[in-house]
Amino acid sequence: MKQIYGNYTKEDFEVWQILYKRQMGNLPTAASTAYLEGLNKVNFVEDAIPKFDETNEVLQQLTGWKLAVVPGIVPDYTFFELMSNKRFPATTWLRKMKELDYLEEPDMFHDVFAHVPLLSNQSFVDFLEALSNIGLQYVGNDYAIEILSRVYWFTVEFGLIQEEAGLRIYGAGILSSAGETKFSLSEEPPKYSFDVQVIANTPYKKNVFQDRYFVIESYEQLYNSIPEVKRILAEMVAEHEGKVVTV
Ligand SMILES: [Fe+2]
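Residues numbered from 1 in each chain as written. Predicted model: local features only at pLDDT ≥ 70, side-chain atom pairs only at ≥ 80, totals over all residues. Heavy atoms only, no water.

Draft legend 1. Looking closely at the pairing of strand E3 (residues 160–163). Pairing analysis gives 4 bridges linking E3 to strand E4 (residues 166–169), with the strands arranged antiparallel. Note on E4: the bridge partner recorded for Gln162 is Leu167. Counted along the chain from E3 to the antiparallel partner E4, the turn is 2 residues long. With 2 bridges joining them, E3 and strand E6 (residues 213–216) adopt parallel strand pairing. Directly across from Leu160, in E6, lies its bridge partner Val215. (Pairing = 2+ DSSP bridges. Helix = DSSP H or I, 4+ residues; strand = E, 2+ residues; numbered from the N terminus.)

As structure tokens, this is what we get:
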């Protein structure tokens, strides 16, 4: 699949512009430094929907990653296979004007505006690639994929990072939501230090604000947690299968 730029309508450009403007009103003091630097590097602007070919050229030079156009949510195998080959699955369609704040499925504003800037950070993409390699080994094992999804969810989608200036957002699920950007950094939801064991045992809910967030200290910490993710996942899967056998 390819992005067909000529197919974007006036409404699409307006939607991109409104969402971009609104989030850029929030993100300079809310998003992580690496995200904001990445946003500059990939040259996203308010009045133009990004062209994947141009974005890919920049990403390739920075980290060797590029976007792979997908129609929507893809099967686990495809998802992990793409990312283990340094290709990030992204949709090319934009939500309609009447859906600015609520969406059933992630659109391009989420996939591209919220995810792509961090694809310029080497430790972050190394983490994504390594996590996907683990995922590939467990495709078809629903329990293992659920555990791995929790790790992905509480980091790549809803992660916070402690920076010198304060708590900042790097999770794309928050970065594409004006409401959750404010909520996640407020006093209301509890924040916990990043801990693979705890995250692996924490189920999550979709389509609502999260009721807790996990805070990393650096993207290196994420990448360095990969051996732990592998070990804990293997232990949990063995225990789970043991339980299944004895039932
Ligand atoms: Fe996402």
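Draft legend 2. Region of the structure containing the coordination of the iron ion. Around the iron ion, the donor atoms from the protein are His110 (NE2), His115 (NE2) and Glu157 (OE), and they sit 2.0 to 2.1 Å away. Within one chain, the residues donating to the iron ion are spaced in sequence as H-x4-H-x41-E. Of this pair, His115 sits in the loop between helix H5 (108–114) and helix H6 (122–138) while Glu157 sits in helix H7 (residues 142–157); the two residues are 42 residues apart in sequence, bridging distant segments of the chain. (Donors = N, O, S within 2.8 Å, 3.2 Å for Na, K, Ca; no water.)

Draft legend 3. The packing of aromatic side chains, seen in detail. All chains considered together, the criterion is met by 22 aromatic pairs. Taking the centre distance of 6.3 Å and the plane angle of 85 degrees together, the rings of Trp16 and Phe44 count as edge-to-face. Of this pair, Trp16 sits in helix H1 (residues 10–26) while Phe44 sits in the loop between helix H2 (33–41) and helix H3 (52–62), and the two are 28 residues apart along the sequence. The same class applies to Trp16 as to Phe44, namely buried. A ring pair is formed by Tyr170 and Tyr219, whose centres lie 5.6 Å apart and whose planes are at 90 degrees; its orientation type is edge-to-face. Of the two residues, Tyr170 sits in the loop between E4 and helix H8 (172–175) while Tyr219 sits in helix H11 (residues 219–224), which places them 49 residues apart along the sequence. Assigned by exposure class, Tyr170 and Tyr219 land together as buried. Taken together, Trp16, Tyr20, Tyr35, Phe44, Phe109 and Phe113 form an aromatic cluster joined through their ring pairs. Across the ring face of Tyr5, the terminal group of Lys51 is positioned such that the distance to the ring centre comes to 4.8 Å. (Phe/Tyr/Trp six-rings, centres within 6.5 Å; stacked < 30°, edge-to-face > 60°. Buried < 20%, exposed > 50% of the residue type's maximum accessible area, 1.4 Å probe, protein only. Lys NZ or Arg CZ within 6 Å of the ring centre and 35° of its normal.)

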